[in-house]
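Okay, here's what each chain looks like letter by letter:
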Amino acid sequence: MKSIRLIYSRIALFGFIAFTLSNCERNLSEDVVFAKFSTNPTVFIDGFSAGLEYRPFDGSKLDAFAVDTEVKYRGTASMRFDVPYEGDPSGAFAGAIFPDYGNRDLTGYDALTFWAKASQSASINEIGFGNDFGENRYIVTVNNLRISTAWTKYIIPIPDPSKLVAEAGLFWFAEGPENGNGYSFWIDELKFERLGTVAQPRPAIFLGQNAVVDTYIGTPFSMTGLTQTFNLDNGVNQTVRAAPAYFTFKSTNNDVARVSEDGVVSIVARGTAVITATLAGVRAQGSVTVNSLGNFVSAPTPTRNPANVISVFSDAYTNIPVDFYNGFFAPFQTTLGGAVRIGNDNVIRYTQLNFVATEFKNPTVNLSQMTHFHVDIQIPEGIDAGDFIAIELGDFGPNNVFGGGDDSSGRVTIGSGSLTSNAWISLDIPLASFGLTSRNNMAQIFFISDATISTLLVDNMYFYR
Amino acid sequence: MMGMNIRIWVRFVVAGVLIGIGSCSDYEQTVATLNQLVMQDEFDVNGAPNSEIWGYEIGTGVNGWGNNELQYYTNRRENVVVQNGYLIITARKESFEGSAYTSARLITKGKFEQTYGRFETRMRLPWGQGMWPAFWMLGADIDTNPWPGCGEIDIMEYRGQEPTIVLGSVHGPGYSGGNAISKSYELKNDRFDTGFHVFGIEWGPNYVNFYVDNVLYNQITPADVTGEWVFNKPFYILINLAVGGTFVGSPNSETVFPQTMLVDYVRVYK
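Residues numbered from 1 in each chain as written. Chains lettered and ligands numbered in written order. Predicted model: local features only at pLDDT ≥ 70, side-chain atom pairs only at ≥ 80, totals over all residues. Heavy atoms only, no water.

S.K.: Break down the overall build of chain B for me, with residues and values.
M.R.: When you go through chain B residue by residue, the secondary structure sums to three helices and 18 strands. By residue count, 55% of the 270 residues in chain B fall in the buried class. In chain B, the proportion of contacts linking residues at least 24 apart, taken out of those at least 6 apart, comes to 70%. Looking at chain B as shown, the accessible area adds up to about 11,100 Å², and 48% of this sits on carbon and sulfur atoms. (Helix = DSSP H or I, 4+ residues; strand = E, 2+ residues; numbered from the N terminus. Buried < 20%, exposed > 50% of the residue type's maximum accessible area, 1.4 Å probe, protein only. Contact = heavy atoms within 4.5 Å. Areas by Shrake-Rupley, 256 points an atom, 1.4 Å probe, with all protein chains shown as cover.)

Spelled out as structure tokens, the structure:
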């Protein structure tokens, strides 16, 4: 059926053109033909290809790039990149994009290839194509590309060439010092190629894992861990990070969660949905199960006079500088998560809790005028008899730094009898209850459950008088 | 000159175009007689391979079939089956009879053996570190004339980590194993694991010609071997997919399993 319709439409089109011709007596205008972008595969062979520009990142060493006519793999010139040393006043890193804003049609190629070498063995933090300082819709990145002091050919495969009908971002990179030292690397014969040997695609989402996300209506999240892996002619399995637009996402329940083209998952109702993806018709490994917990109810809005409050985390007050909401103290800490935005509300959400610290030591806080600690917590899971949440305050003492024998800490434990599920629990604890020897150099707030409680929401952490 | 004639002839045959041979030279007449089909399996019947043509070698042989190969060969459907017009040999990563992998090895020993001819297959090969498929032949007198005395003709061997390269070789007394007479053929802008390719030999008195698709890439004659020429007697065919072994090295964490070797046909002419 489809092909028959196609034939009719062709006949109709032909008839239309013929009719137009006979009446107007002039040649077909160029408008009849689709606009085609240049298929020029070259980026830099011995100089800039037509339309190519150099645009460094903000903060990059501005003169990090030069055309080198002394060192080259082939021909008369190569691209040299001078990576600054740590503390180099000319810039903290080297990074740039090389766009052609006239756009290229790269659908006929399967990889960006180049020869490279460096003044020392190194790994380039990020290198690829598709970065246009705009949407970066089809950005592709290889992380930590290892280069040596010998000229070597590198292949960065295109996840799905059919997408690149009008691509501006022909090449980009970002690289910092190696072990604090600056160095140089050279790239030559930079071009797109149709190798014919880029094969066995194995796309993945969430790095190939089956992830689970508990979330609320109106709290979107982005698909992450998007990769495409090809087997190359030298047997290497080359993985690249691929932009969401290369993938086609699918939700098992669009009434609960739906995914946009740019990989943002919107939660529209309570329920469960599983999101999977394909890339160029190949099923991606990995999935994400979205558990929508329904509407999020915010913690009660604090009403205390800001003049009497030192706030660590609250949308109601101006907060002190905080170093982190989760220190990820290896290897004993299992706790994941940190500050998240749910709807219009900033909260802290911990999962797999055993213990976790919020730290604010730059500067530490003098609580000598304060009398209480306030926090709102919510436990979105059942409470068992042995469950507890302990809150511990840590003061760094007169030396104002961690350690040195003058630190003090103390905790208040809330047992299961005082805890309820799925509702905000507002706690106002006298500072005296923590039994601290000093409160003038406060720097840490811990939440401890010893894994009796796994998921914990925290909001409105502040000291007051 | 001789090589040139053969090359042209092979192209004609593979393209299915054979013109009159009355005026051809002696040499071309000899080759042209290799166009009479004497055995063919198009693998058109689903199920187990045709038992009138194919037998199996089961197990691990001696020292992993002499090569420290890692697989256990079975004749289970999981490892060898005819389906949708293809013989499918599947290498699996599974603990089986003390081995970490399973696969299959088919032989025509005692069922189809022939001296000289054109032996051809069309296959799509597996990929990844440690995969070692082969389409090859052994001298039919192997039970009384042990390898390498019996002779071996490897029509196609391939390493999964080199997906653009195949090898054609002969082994015999004084030129076996690492000292085999061998030549590789590399595809340009294509691979052996993404589509089907034809692998064949033209074998006659005192020569073996190796070709891939329509390209003749090597001829081996008694002048090329560093020992006795043992290829003027019957040989049988083997098709197998080995995992690991000295030729290819072991699979690694990146090797994807299962891996399949698809055989579209096996044809023998005289």
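That was the structure; now back to the text.
S.K.: Requested: an account of the overall build of chain A, with residues and values cited.
M.R.: Across its full length, chain A carries one helix and 31 strands. Computed over the C-alpha atoms, the radius of gyration of chain A is 29 Å, more than 25% above the 23 Å expected from 2.2 N^0.38 for a compact globule of 465 residues. Seen through its principal axes, chain A has C-alpha atoms that stretch 90 × 60 × 45 Å. Of all 465 residues assigned to chain A, the portion counted as buried reaches 47%. (Rg over C-alpha atoms; globule rule 2.2 N^0.38 Å.)

S.K.: Report on the domain arrangement of chain A, specifying residues and quantitative values.
M.R.: All names here are of chain A. For chain A, the assigned domains are domain 1 (42–193), domain 2 (206–292) and domain 3 (306–464). Of note, the centres of domain 2 and domain 3, computed from C-alpha atoms alone, are 34 Å apart. Between domain 2 and domain 3, the residue contacts involve four residues of the former and six residues of the latter. In this assembly, domain 2 packs against domain 3 so that about 380 Å² is buried in total across both faces, 48% of it on carbon and sulfur atoms. Among the residues of domain 2 in contact with domain 3, Asp214, Tyr216 and Thr219 are the three that bury the most area, contributing 90% of the side total. Inspection of the region where domain 2 meets domain 3 yields zero salt bridges. Split into classes, the residues belonging to the side of domain 2 that touches domain 3 amount to one nonpolar, two polar and one charged. (Domains from an automatic or database assignment. Buried area = accessible area lost by both parts, 1.4 Å probe. Salt bridge = Lys/Arg side-chain N within 4 Å of Asp/Glu carboxyl O. Nonpolar A, V, L, I, M, F, W, Y, C, P; charged D, E, K, R; others polar.)

S.K.: A description of the sheet that holds strand 15 (residues 237–242) of chain A should follow, citing residues and the corresponding values.
M.R.: Residues and elements named next belong to chain A. Pairing within the open sheet is antiparallel, and its seven strands lie in the order 2-5-10-7-8-15-14. Two strands in the sheet have a free side with no partner beyond their single neighbour: strand 2 (55–56) and strand 14 (227–231). In the sheet, strand 7 (residues 122–129) pairs with strand 10 (residues 167–175) via three bridges, with the strands oriented antiparallel. Bridge pairing in strand 10 links glycine 128 to tryptophan 172. (Pairing = 2+ DSSP bridges.)

S.K.: So what's going on with the packing of aromatic side chains? Residues and values would help.
M.R.: Aromatic ring pairs: the centre-centre distance and the angle between the two ring planes describe each pair. Enumeration over the complete set of coordinates arrives at 49 aromatic pairs over all chains. Relative to Tyr154(A), the ring of Phe114(A) lies with its centre 5.7 Å away and its plane at 25°, an arrangement referred to as stacked. Of the two residues, Phe114(A) is situated in strand 6 (residues 111–118) and Tyr154(A) in strand 9 (residues 152–157); the sequence distance between them amounts to 40 residues. One exposure class covers both Phe114(A) and Tyr154(A), and it is buried. Among the aromatic residues, ring-to-ring pairing joins Phe44(A), Phe48(A), Tyr54(A), Phe65(A), Phe81(A), Phe98(A), Phe114(A), Tyr154(A), Phe171(A), Phe173(A), Tyr183(A) and Phe185(A) into one connected group. The aromatic ring of Trp65(B) is capped on one face by Arg105(B), whose charged end is 4.5 Å from the ring centroid. Seen from the ring of Tyr265(B), Arg267(B) lies directly overhead, with NZ or CZ sitting 3.5 Å from the centre. (Phe/Tyr/Trp six-rings, centres within 6.5 Å; stacked < 30°, edge-to-face > 60°. Lys NZ or Arg CZ within 6 Å of the ring centre and 35° of its normal.)

S.K.: Which residues make up the sheet that holds strand 17 (residues 257–259) of chain A, and what are the values?
M.R.: Residue and element names in this part refer to chain A. Read from one edge to the other, the open sheet built from three strands follows the order 13-18-17, with strand pairing classed as antiparallel. Two strands bound the open sheet, and with one partner strand each, they are strand 13 (221–222) and strand 17. The pairing of strand 17 with strand 18 (residues 264–267) spans three bridges and is antiparallel. The residue bridging valine 259 from the neighbouring strand is valine 265, located in strand 18.

S.K.: Describe the nonpolar core, with residues and values.
M.R.: Formed by 67 residues in total, the largest nonpolar core has its most connected members in Ile127(A), Phe171(A), Phe185(A), Ile187(A), Tyr246(A) and Phe247(A). Looking at this core, you find at least three residues from each of domain 1 (42–193) and domain 2 (206–292) of chain A. For Phe171(A), the residues in contact, after removing those within four places along its chain, are Val43(A), Phe81(A), Ala96(A), Ile97(A), Phe98(A), Leu112(A), Ile127(A), Gly128(A), Phe129(A), Ile187(A) and Leu190(A). In this structure, Phe199(B), Ile220(B), Val230(B) and Met261(B) belong to the second largest nonpolar core, which totals 53 residues. (Core = buried A, V, L, I, M, F, W, Y, C linked by side-chain atoms within 4.5 Å.)

S.K.: Account for the side chain of Ser184(A), naming residues and giving values.
M.R.: All names here are of chain A. Along the polypeptide, serine 184 turns up in strand 11 (residues 183–193). Given a relative accessible area of 16%, serine 184 falls into the buried group. At 2.6 Å, the side chain of serine 184 forms a polar contact with the side chain of aspartate 82. When sequence neighbours within four positions are dropped, the list of residues in contact with serine 184 reads Arg80, Phe81, Asp82, Ala118 and Ser119. (Polar contact = N/O pair within 3.5 Å; in protein donor to acceptor, adjacent residues only side chain to side chain.)

S.K.: Kindly report on unusual backbone geometry, identifying the contributing residues and their values.
M.R.: Here the residue pair Asn362(A) and Pro363(A) is connected by a cis peptide bond, since its omega of 0° sits within 30 degrees of zero. Structurally, Pro363(A) can be placed in the loop between strand 25 (355–359) and strand 26 (372–378). Between Phe257(B) and Pro258(B) the backbone carries a cis peptide bond, its omega angle lying at -5°. Mapped onto the elements of the fold, Pro258(B) is located in the loop between strand 17 (235–243) and strand 18 (259–269). A positive phi is found at Asn189(B), a non-glycine position, where the angle reads about 55°. Turning to its location among the elements, Asn189(B) is positioned in the loop between strand 13 (181–186) and strand 14 (197–204).

S.K.: Can you lay out the pairing of strand 16 (residues 215–220) of chain B for me, pointing to particular residues and giving the numbers?
M.R.: On a regular strand, each side chain points to the face opposite its neighbour's, so the side chains alternate between the two faces of the sheet. Residues and elements named next belong to chain B. With five of six residues buried, strand 16 is to be regarded as a mostly interior element. The pairing of strand 15 (residues 207–212) with strand 16 spans five bridges and is classified as antiparallel. By the bridge assignment for strand 16, tyrosine 211 is matched with leucine 216. Adjacent in sequence and paired antiparallel, strand 15 and strand 16 are bridged by two residues, among which aspartate 213 carries a positive phi angle near 50°.

S.K.: Which residues make up the environment of Arg92(B), and what values do they have?
M.R.: Residues and elements named next belong to chain B. When you line up the elements, arginine 92 lands in strand 5 (residues 86–96). The exposure class assigned to arginine 92 is partly exposed, which follows from its relative accessible area of 29%. If we ignore the near neighbours within four places in the chain, the residues touching arginine 92 are Glu78, Asn79, Ala100, Tyr101, Thr102, Phe257 and Pro258.

S.K.: Hey, could you go over the layout of surface pockets for me, with residue numbers and the actual values?
M.R.: All names here are of chain B. Space inside the largest pocket adds up to approximately 750 Å³. As for the largest pocket, its lining consists of 30 residues, of which Trp65, Asn67, Trp136, Trp147 and Glu152 are closest to the centre. Examining the composition of the lining of the largest pocket, we find that four residues originate from one element, strand 10 (residues 131–139), more than from any other. Its residues assigned to classes, the lining of the largest pocket comprises 13 nonpolar, nine polar and eight charged. Here the second largest pocket is characterised by a volume of approximately 570 Å³. (1 Å grid on protein atoms, 1.4 Å probe; cavity = no way out; pocket = protein on both sides within 12 Å on 5 of 7 lines; lining within 4 Å. Points joined across faces, edges and corners; volume = space filled by probe spheres on them.)

S.K.: How would you summarise the pattern of salt bridges if you had to cite specific residues and measurements?
M.R.: Throughout the structure, instances matching the rule amount to 23 salt bridges over all chains. Here Glu202(B) and Arg118(B) are joined by a salt bridge, their closest N and O atoms 3.1 Å apart. With a gap of 84 residues between them, Glu202(B) in strand 14 and Arg118(B) in strand 9 (residues 117–124) connect regions that are remote in the sequence. Residues Glu202(B) and Arg118(B) agree in their burial class; the two are buried. Here Glu162(B) ties to Arg159(B) by a salt bridge, and the two come within 3.8 Å at their closest N and O atoms. Several salt bridges share partner residues, and in doing so they unite Asp68(A), Arg80(A) and Asp82(A) into one network.

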